[in-house]
Structures are given as structure tokens and as C-alpha cells.
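Take a look at the letters that make up each chain.
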Amino acid sequence: MLNSRQLAGLLWLAIFIVWVVYKNPAGLRQSVSSLLQTFFSRQILALFAFIIGYNAVVVWGLWRVGYWDTTMLYDTVAFIAIGGVGSVFKASPQGVTYDRKFFFSTILMNLEITVLFAFLSDFFPFHFLIEFLLVVPFVTILVMLVAFTDKREGAEQVHRFLSGVQAFVGIALLSYLVGKVITQFQELMNLQALYQLLLPLVMSAFFLPILFIVCVDFAYQNAGMVVSFKQQDERLARWKKRRLFWRFGLNLRGLQTFRRSRLIHEYAWVKSKDEARTILKSWTGVVPEYPDEDGDEDTGD
């Protein structure tokens, strides 16, 4: 069952949706139509179905061993939305490098956000009226204003003031939680509460292999686009993509370094398999240096 904080958040979300529909129905239809066309593309649907389906299997396994129960449903959905889908979106830009630092920072960020989110939403909520009329709208508006003024030219002083208010509210809320933890320590020291707090860590550990598989797919799709764009022979382009996998395998950092070098354009342009093999065999993992038009050296694009 939802607590007062969760119920207040969902109620404000419903009010916002009704307001948007009433305020600009034509614009909403256009925006929703564009969003649905993007969301319901075959590739994105397959990716989301894969993420949700995998996490559903993980949850089923945790339920079978007695770890998970229905009281964790809200936290589970929050992890899938923030930790699962959010991690995939973080990995999707072309400039992202899939190294150990990326995976460590992604998992660490998921843990910080989901643990804090779960703790704030599940433990020690205020009365419903306080949550509905004060806490949820005030915190939501404050966070939105801080984000809005961050990149707004000429709003530096306003942003500093709002950031200070946000920090004060965060410290006050944290102090409230610490006080509650001290005074109600026994309530938190039951096994189910411990399971609930550790749920993001457990699901992050299970999600890491899937995130790696998604990154492999993104990396090879990105390299494959270069090969396909500059290759008129479709059969040869498909062969080149397969050879990339045989050459780099799961070495995503090596593949991305090759993708960002000029050598991949030479690989894409060659017209024979022998030339393509020669280029891949000559790759040492170091971007070759090329002189630019002014005679200076360039290390790739």
C-alpha cells in the first residue's frame, strides 16, 4: 500500500497531467503523437521489453528465494525507471566511452539515486496533508527552478540563492531523517527493512551484465553505421561488420578507439576483403597520427 508521500506524489502527477490536457489539448496531441512515434519504434520497444523482462525475471528469482515481496514493488519500479532505463539512456550518446570508469560511475549513481529515493519515499513520511500541500510541491518546484536557472544567462544570483535554499532544505530533511533513525532505530533493524534498503544494490549487481550487453550493441551499431554509410556493396558492408566483431570481440574500448580514428574511414572505403583484413591486422590500438593541411599532426577525428 502507498504511504502518504507516494500518494501525494502520484496525486500531483495526475493533477499536472489534467492541467496540461486542459491547457493545450492540440499541442499535447502533437507532442504525444511525436513521443509515441519515437517510443513505439521497433528498436526502442525491443530494448525496453528486454530491460523490463530481464528485471521481471530477477524479481521473480528474488521472490522465489524469499528476498522480495510486494512491499518492494514501488522501489522496484523506481529502480527499473531510474537505474535500468536511465543507465541505457546514459550509455546511448556516441561520445560515451564504455570503460570501467563508465560502468562504475553508472552503477554508483544508480545506487545513490535509488537508495535515496527509496529511503525518502518509504521511511518516515509526514501526514498526507503536509506531504500534499507542502513537501511534494515545494521540493518539486525548487528542484525545477534550480535546474532552470542553472543554464539561464543573467540568473547567476538567483541560481545561487535557490541552490542555497535547496541545500538548506536537504540538510533539514536529512537532520529529520537522522533524528528519526536515532529515535526509531529498532524499527529499521528488522530483516525486511534491511532487504528493502539493499534492494537497489542487489538489482544493480544483476543489471550490470545487461548494461554491458546493451553497450556492446550500441558500440557495434555506431561503428557499423560508418561502414554502411561509405560502402555501396551491402554484402561487403555486412562482412566488414562481422570482421569488426571477430577483431575486437567484447573489447569495447578498443572498438571505440578504432571507431574514433581515421582508420575506420579507410576500412569503410576499401573495396576488397583482403584490404579490409590488412587494415584490421595493422591496427595496434594506437590512433595513427596524420598531418593536417598546415603540416601539423592530427590524432584523428
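Computed from a prediction, not measured in an experiment: that's the story for all the values here.

## What about the layout of surface pockets?
- Roughly 510 Å³ of volume is contained in the second largest pocket.
- Lining the second largest pocket we find 24 residues, and of these Gln43, Ser92, Tyr98, Phe218 and Gln221 sit closest to its centre.
- Every element with two or more residues in the lining of the second largest pocket is listed here: helix H3 (42-64), helix H4 (73-91), helix H9 (191-229) and helix H11 (252-259).
- For the lining of the second largest pocket, the leading source of residues is H9, giving eight residues.
- A per-class count over the lining of the second largest pocket returns 15 nonpolar, six polar and three charged.

## Quick look at helix H13 (residues 273-282)
- Considered for burial, the residues of H13 that qualify are Ala276, Ile279 and Leu280. Looking straight down H13, one finds its buried side chains confined to an arc of 95°; they lie on one side. Exposed side of H13, more than 90 degrees from the buried face: Asp274, Thr278 and Lys281 are the residues found there.
- Looking at the buried residues of H13, the elements they touch are helix H10 (234-248), H11 and helix H12 (263-269).

## Focus on the nonpolar core
- In terms of nonpolar packing, the biggest core is built from 46 residues, with Tyr98, Cys215, Leu244, Phe248, Phe258 and Tyr267 touching the most fellow members.
- Contributing elements (two or more residues each) for this core: H3, H4, helix H5 (100-122), H9, H10, H11, H12 and H13.
- Here this core takes 14 residues from H9, the largest share from any one element.

## Side note on the packing of H3 against H4
- Close contact between H3 and H4 brings their axes to 11 Å; oriented N to C, the two are set at 140°. Between H3 and H4, the angle falls in the class oblique. The hand of the H3/H4 crossing is right-handed. Taken together, the residues of H4 that come into contact with H3 (itself represented by Leu47, Phe48, Ile51, Ile52, Asn55 and Val59) are Thr76, Phe79, Ile80, Gly84, Val85, Val88 and Phe89.
- Among the residues forming the contact of H3 with H4, the class breakdown is 10 nonpolar, three polar and no charged.

## Details of the confidence of the model for the protein chain
- When pLDDT is averaged across the protein chain, the result is 75; 74% of the residues are at 70 or more.
- Note that residues 290-301 has pLDDT below 50 and, in this model, 22 contacts with residues that lie over four places away or in other chains.

Rules of the game
- Within each chain, residues carry numbers counting from 1 in the order of the written sequence.
- Local features in this predicted model are restricted to residues whose pLDDT is 70 or higher, and side-chain atom pairs enter the listing and the counts only when it is 80 or higher, whereas totals over whole chains, interfaces and linings include all residues.
- Excluded from the side-chain calculations are hydrogens and water; all other atoms, namely the structure's heavy atoms, are used.
- Method remark: on a 1 Å grid restricted to protein atoms, a set of points is classed as a cavity if a 1.4 Å probe fits but cannot get out and as a pocket if it is open with protein on both sides within 12 Å along at least five of seven lines; lining residues have an atom within 4 Å of a point.
- Grid points are joined across faces, edges and corners, and a volume is the space filled by probe spheres set on the points.
- Secondary structure is summarised from DSSP: a helix means a run of H or I of at least four residues, a strand means a run of E of at least two, and numbering begins at the N terminus for each.
- Note on residue classes: Ala, Val, Leu, Ile, Met, Phe, Trp, Tyr, Cys and Pro are nonpolar, Asp, Glu, Lys and Arg are charged, and everything else, Gly too, is polar.
- Burial classes follow relative accessibility: with a 1.4 Å probe on protein chains only, a residue under 20% of its type's maximum area counts as buried, one over 50% as exposed, and anything between as partly exposed.
- This arc describes the spread of directions from the helix axis toward the C-beta atoms.
- The contact criterion used is simple: two residues touch if any of their non-hydrogen atoms lie within 4.5 Å.
- Nonpolar core, defined: a set of buried Ala, Val, Leu, Ile, Met, Phe, Trp, Tyr and Cys residues in which side-chain atoms within 4.5 Å join the residues together.
- Interaxial angles span 0 to 180 degrees and are taken between N-to-C directions of axes, which are lines fitted to C-alpha atoms, for helices over the stretch in contact.
- Between 65 and 115 degrees an angle is taken as roughly perpendicular, under 35 as roughly parallel, over 145 as roughly antiparallel, and anywhere else as oblique.
- Helix crossings fall into two classes, left-handed where the near helix is turned counterclockwise from the far one by less than a right angle and right-handed where it is turned clockwise.
- The predictor attaches a confidence to each residue, called pLDDT, with possible values from 0 through 100.

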